[in-house]
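# Summary of the model geometry
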Amino acid sequence: MNAHLNDDQLIEQLYTAAAHPHLDSCAACAARYRELEQRRAELAQPVAVSAEFLAAQRRAIHARIEKRRDWRLRWAPAAAALAIAIGLAVHYKAPNPAPRPDAGDAQLFAEVYSMEQSTEPQAAAPIHALFEDDQ
Amino acid sequence: MIGLVAQPLVLDRTEPDLLHDFARWMTSEQRRIYSLCQRFLEDRDEADSATQDVFLKAYQALKRPNALELEDPARWITRIAVNTCLDRLRSRKWQFWRRRPSHEDEQSILALAASRAPEAEQRYFAAQIGERMAAALEKLSPRQRAVFTLRHFEDLSLEEIGEILDLDVGTVKAHMFRAVTKLRADLRDLYSK
């Protein structure tokens, strides 16, 4: 006959359903195993909680559901309006600025030419304004 | 022991009716889900908050127009609860101040210990066992804890645990084996009367 199962092996059997064929053939070990099953049921008693606590919890859940609904109702029109505004803005995109009629090639070349001819740095030009006579 | 038996969930999709049906179903499941959260989290306030999150998530999911009919609503809500608790356990790793039981829990245990009422001793030992079990569960990883809790407290088979956690039975067995190995001394103590 096989040796009896020890406590660790029985506990392992209880949780992992490990195969211990010895349990089928040994009445003593089977009885100890049933005791452990009963003990586990005792240890796993439901958590003590009052009806008032559960009622308060239900009220809190209900309030959170209502709050989410209110939030949705409040922001849904604003979000829809924003989406429409973005849609319209994308659809009717502002046209590109028309080219200035007076900005002809001749004027451009003249400006570039005068910049190249000048020996004074461009950034110094505003300083002259300080010394110019108003009259 | 808490089983996965509750009222079937028959829902009317119009919002006031949905809310009414949902409230009825929630009442039938609430105690079990709160107990499960309490066992995972070992903190009354956090279990309360997690239970609220679970039912809020469930309501949001059921309210969707394309929500599927549920074959097994009890298992579905258990799954939401387990995942909610796992998320909280994972984020708790950083919360070093949670190592002690709450002041309220400590006070209630001390009050029970001081009481002379005949049932007080039994309740005191039950509270002590709960405390010891909680301390033992702290040693486990969130996944091991989930597997162990569902087996020990909910008496689910390894196959059912696998379905809830989306794991194959072999993986569930491996987690359970590691959990039992870590808890061996504590369990031996709890099982010897």
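### Quick word on the overall build of chain B
Helix and strand counts for chain B come out as 8 helices and 0 strands. In sequence order, chain B lays out its α and β elements as α-α-α-α-α-α-α-α. Here chain B, with 193 residues, has 31% of them falling under the buried criterion. A separation of at least 24 residues holds for 61% of the contacts in chain B among residues at least 6 apart in sequence.

### What to know about the overall build of chain A
In terms of helices and strands, chain A carries 6 helices and 0 strands. Counting helices and strands in the order they occur from the N terminus, chain A gives α-α-α-α-α-α. Across the 135 residues of chain A, 7% fall into the buried class.

### Regarding the environment of E160 of chain B
All names here are of chain B. In this structure, E160 sits in helix α7 (residues 158-165). Residue class for E160 comes out partly exposed when judged on the 18 C-beta atoms lying within 10 Å of it. Linking E160 and R75, residues 85 residues apart in sequence, is a C-alpha distance of 8.9 Å.

### Quick word on the confidence of the model for chain B
Low pLDDT marks stretches whose predicted atomic positions should not be read closely. All names here are of chain B. Confidence in the prediction for chain B averages 80 pLDDT; 73% of positions are at 70 or higher. Looking across chain B, the model is least confident in helix α4 (residues 103-114), with a mean pLDDT of 56, and most confident in helix α2 (residues 44-63), with 94. The low-confidence segment residues 1-5, where pLDDT is below 50, has 12 contacts with residues more than four positions distant or belonging to other chains.

### Here we look at the interface of chain A and chain B
The interface of chain A with chain B comprises 23 residues on the first partner and 29 residues on the second. At the level of secondary structure, the elements contributing two or more residues to the side of chain A that touches chain B comprise α1 (7-16), α3 (27-43) and α4 (51-91) of chain A. When residues in the side of chain A that touches chain B are grouped by element, the largest group, 7 residues, is from α4 of chain A. For the side of chain A that touches chain B, the class distribution of residues is 14 nonpolar, 2 polar and 7 charged.

### A look at the packing of helix α6 (residues 142-152) of chain B against helix α8 (residues 169-191) of chain B
Residue and element names in this part refer to chain B. The geometry of α6 relative to α8 is characterised by a closest axis approach of 9 Å and an angle of 90° between their N-to-C directions. The pairing of α6 with α8 is recorded here as roughly perpendicular in orientation. Between α6, through R143, Q144, V147, F148 and R151, and α8, the contact on the second element is made entirely by V172, H175, M176, R178 and A179. When its residues are assigned to classes, the contact of α6 with α8 shows 5 nonpolar, 2 polar and 3 charged.

### Some thoughts on the nonpolar core
All names here are of chain B. Counting 40 residues, the largest nonpolar core has C37, A81, C85, V147 and M176 as the members making the most contacts within it. The dominant element in this core, judged by the number of residues it contributes, is helix α1 (residues 15-41), at 9 residues. In this structure C85 touches C37, F40, L41 and A50, once residues within four positions along its chain are discounted.

### A short note on α1 of chain A
Quick reminder: α-helices carry 3.6 residues per turn. Residues three or four places apart thus point the same way. For α1 of chain A, the set of buried residues is L10, I11, E12, Q13 and Y15 of chain A. At its buried positions, α1 of chain A is contacted by α2 (22-25) and α3 of chain A together with α6 and α8 of chain B. Positive phi appears at A17 of chain A, one or two residues downstream of α1 of chain A, with a value of about 55°.

### Side note on the packing of α2 of chain B against helix α3 (residues 73-92) of chain B
Residues and elements named next belong to chain B. Contact geometry of α2 with α3 gives a least axis separation of 9 Å together with a crossing angle of 130°. Judged by the angle between their axes, α2 and α3 are oblique. Here α2 and α3 pass one another in a crossing that is right-handed. Where α2 approaches α3, its residues E46, A50, D53, V54, K57 and A58 are matched on the opposing element by I77, I80, A81, T84, C85 and R88.

What counts, and where the lines are drawn
Residues numbered from 1 in each chain as written. Chains lettered and ligands numbered in written order. Predicted model: local features only at pLDDT ≥ 70, side-chain atom pairs only at ≥ 80, totals over all residues. Helix = DSSP H or I, 4+ residues; strand = E, 2+ residues; numbered from the N terminus. Buried ≥ 20, exposed ≤ 12 C-beta atoms within 10 Å, placed from the backbone. Contact = placed C-beta atoms within 7 Å. pLDDT = per-residue confidence, 0-100. Nonpolar A, V, L, I, M, F, W, Y, C, P; charged D, E, K, R; others polar. Axes fitted to C-alpha atoms, helices over the stretch in contact; angles between N-to-C directions. Parallel < 35°, antiparallel > 145°, perpendicular 65-115°, else oblique. Core = buried A, V, L, I, M, F, W, Y, C linked by C-beta atoms within 7 Å. Left-handed = near helix turned anticlockwise from the far one by under 90°.

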